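A closer look at the structure
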Amino acid sequence: MSDKNETWQVICDAGIFETDLEGLKGWVAEGRVLPHDKVRKGNLRWIEAGLAPVLREAFAGAPAPAWAGNPSNAVAVSEAVPVETGFTAEPQQAGFEDESFAEEHEHYQEPHGASTASDPFTQSQALYGAVCYFHQDLQPKYICRSCANTFCQECTKFTSKIPLCPLCGELCKLYEEIKEKSQRRLQQYSGFGVEDFGTALSFPFRNIFGLLGGAFIYGLLLLGGFKGQLLAYAILFGCISLVINKVVAGRMDGNFLPDFSSFSLLDDFVMPILLGIGVTIVTIGPAIVLGIALIMGIINSTNSSPVDRMKSQYKQEEKTLTPEDMQKLVNGADEKGEEELKKKIEEMHPGSSVARMAEKSKDSDQSSVDTLRWLFSVPVFIIPFLLLALAWAVFYYPMALSIAGYTEDFWSVVNPLVGLDTIRRMGMTYFKAFGMYLSVQVVGSILSAIAYAVLAPFDMPFIGNLPARFVEGTITFYTSLVIACILGLALYKSADKLGISTE
């Protein structure tokens with residue numbers, strides 16, 4: 001059976017109705033089915049009509065409902081809608097004691113990934129509906145997705161286990177869930193600024209035991225040689241990625257440690273290392289290349305410049321017969337002179353000319369390489385490019401870290417066009433985040449230097465200053481979490497510009 005002929009069901013204020021796909025699209029176009037009404041195809045789970053892919057075009061061209069400007073009129077308009085002749089079953093009136101309605105909704109549950117809020121009106125009302133509609137002294141438990149009134153547990157009607165509005169009979173949502181979502185959306189559109197910086201500074205302390213435990217493990221692994229440092233870096237980058245992903249989704253619960261109970265070598269060790277390498281390549285990679293070129297150019301440079309070598313090569317003109325050579329041919333010459341004349345005449349042969357031209361071409365290529373090498377050996381020429389590369393590394397590092405933490409895709413990280421486009425879309429938000437990142441890094445570096453100065457007496461031969469290194473690791477772990485939270489909040493506040501889903 002084609003999609004157009006399959007049976008669809010819709011729940012609205014008047015009851016439960018059945019039709020085919022084309023009929024359902026017609027109701028959407030007429031404004032009888034709203035985005036928050038529940039629909040399902042066949043025996044599949046109920047979903048909000050606005051989330052059904054096959055109805056997106058219909059909703060895009062659908063007229064606004066007559067009650068859009070006044071939600072209190074929703075019930076009256078809905079009840080006034082005439083029954084379509086194409087219904088395949090008699091409508092069942094939505095009563096609270098209707099057994100058929102209870103059977104249909106007995107196992108009702110929200111589809112995975114569906115929005116918990118019905119519409120912006122319901123979300124805005126959730127911020128202000130602090131009491132029950134009937135009992136002004138009681139906290140609300142549910143909120144109607146249609147009329148947006150709030151009710152306590154006792155006032156809410158239930159069919160089976162489904163909460164229904166006692167005023168309009170529409171499905172209700174948990175008030176706290178809608179309120180939390182509304183507060184998150186309000187925060188998202190409030191702009192990125194100093195308040196977010198304070199939130200990021202306090203974020204690691206939301207899980208004080210996780211902060212102390214993670215810092216201890218990270219600092220301890222730093223003392224374990226190359227393998228320990230590699231594992232410490234993987235754990236740190238895993239924490240950064242986790243924080244960015246959670247904050248972008250609007251979750252600030254303070255759980256920033258990876259789940260070690262389900263450890264995966266690829267996901268929890270190899271991938272963080274790979275992403276870290278990608279961040280290194282795209283940020284300080286150009287500076288490293290220029291630095292190596294500068295060092296090698298100085299080492300391999302000679303006393304003579306490419307101009308001097310070109311002059312010496314230019315003296316080797318093409319072999320021609322001089323007047324002295326012509327005189328020798330006329331008057332005769334000794335055996336040695338005849339050999340030299342014979343060699344000159346052979347070099348004047350066209351084949352020899354072609355060979356010399358090929359050799360000259362090779363010398364020209366080598367001369368170009370020598371010229372480039374000489375330019376790299378001149379500090380005045382290479383240092384400006386090196387400084388520019390270092391400035392790029394400092395400026396682009398937060399964006400590279402953001403992309404690595406959010407996408408966890410190596411090729412997106414090493415492609416600077418992805419980051420530059422993200423910076424363009426974020427606008428001033430990125431520059432604010434960059435200023436916060438830079439201040440945290442500077443303060444962290446100062447604190448680390450102070451720790452080394454204070455703990456200098458503990459510096460021991462061969463093993464160094466272990467206490468100072470441990471303190472430095474702790475500071476690095478904390479500042480990394482703060483930076484990750486800053487970047488996550490910057491992406492969260494720019495979610496609409498970047499097309500990031502925060503549901």
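Structure's up top.
Nothing here was measured: the structure is a model prediction, and the numbers come from that model.

Time to look at the side chain of S402. Tracing the backbone through its elements, the reader meets S402 in helix α16 (residues 379-407). Within the structure, the side chain of S402 is placed 2.8 Å from the backbone oxygen of P398, a separation counted as a polar contact. For S402, the contacting residues outside a window of four places in its chain are I244, L487 and L491.

Attention shifts here to helix α9 (residues 225-248). Taking 1.5 Å as the rise per residue, α9 with 24 residues should run 34 Å; its terminal C-alpha atoms sit 34 Å apart, in good agreement. Positive phi shows up at G250, right after α9, with a value of about 85°.

Aromatic ring pairs: the centre-centre distance and the angle between the two ring planes describe each pair. Per the stated rule, a full pass over the model turns up 16 aromatic pairs. Plain terms: the ring middles of Y218 and F477 are 6.2 Å apart, the flat faces sit at 35° to each other, and that makes the pair tilted. With a gap of 259 residues between them, Y218 in helix α8 (residues 208-222) and F477 in helix α20 (residues 466-493) connect regions that are remote in the sequence. Just as Y218 is buried, F477 falls in that class too. The structure contains a cluster of three or more aromatic residues connected by ring pairs, namely F395, Y397, Y430, F431, F434 and Y437.

The next subject is the pattern of salt bridges. What the rule picks out here adds up to four salt bridges. In this structure, the salt-bridge partner of D196 is K493, at a minimum N-O distance of 2.9 Å. Of this pair, D196 sits in helix α7 (residues 194-202) while K493 sits in helix α20, and the two are 297 residues apart along the sequence. For D196, a relative accessible area of 5% corresponds to the buried category. Of the charged contacts in the structure, one is a salt bridge between D421 and R424, with a shortest N-O distance of 2.7 Å. You can see D421 and its partner R424 sitting in helix α18 (residues 416-426), three residues apart, about one turn around the helix. According to the relative accessible area criterion, R424 is exposed, its value standing at 58%. Salt bridges linked by common partners bring D421, R424 and R425 together as one network.

Thresholds applied
By convention here, each chain's residues receive numbers from 1 onward along its written sequence. Owing to the predicted nature of the model, reporting of local features is limited to residues with pLDDT of at least 70; listing and counting of side-chain atom pairs is limited to 80 or more, with chain, interface and lining totals taken over all residues. Hydrogens are left out, water is left out, and the side-chain values use all remaining heavy atoms of the structure. Segments assigned H or I by DSSP are reported as helices when at least four residues long, segments assigned E as strands when at least two residues long, and all are numbered from the N terminus. The definition of a polar contact used here is a pair of N or O atoms within 3.5 Å, where within protein one atom must be able to donate a hydrogen and the other to accept one, and adjacent residues in sequence count solely through side-chain atom pairs. Should any heavy atoms of two residues lie within 4.5 Å, those residues are considered in contact. Helix span, as expected, comes to 1.5 Å for every residue beyond the first. Here is the rule: rings of Phe, Tyr and Trp (six-membered ring for Trp) pair when centre to centre is within 6.5 Å. Planes less than 30 degrees apart are stacked, more than 60 are edge-to-face, and the remainder are tilted. Three labels apply to residues, based on accessible area from a 1.4 Å probe with only protein chains included: buried if under 20% of the type maximum, exposed if over 50%, partly exposed otherwise in between. Each reported salt bridge corresponds to a side-chain nitrogen of Lys or Arg within 4 Å of a carboxyl oxygen of Asp or Glu.

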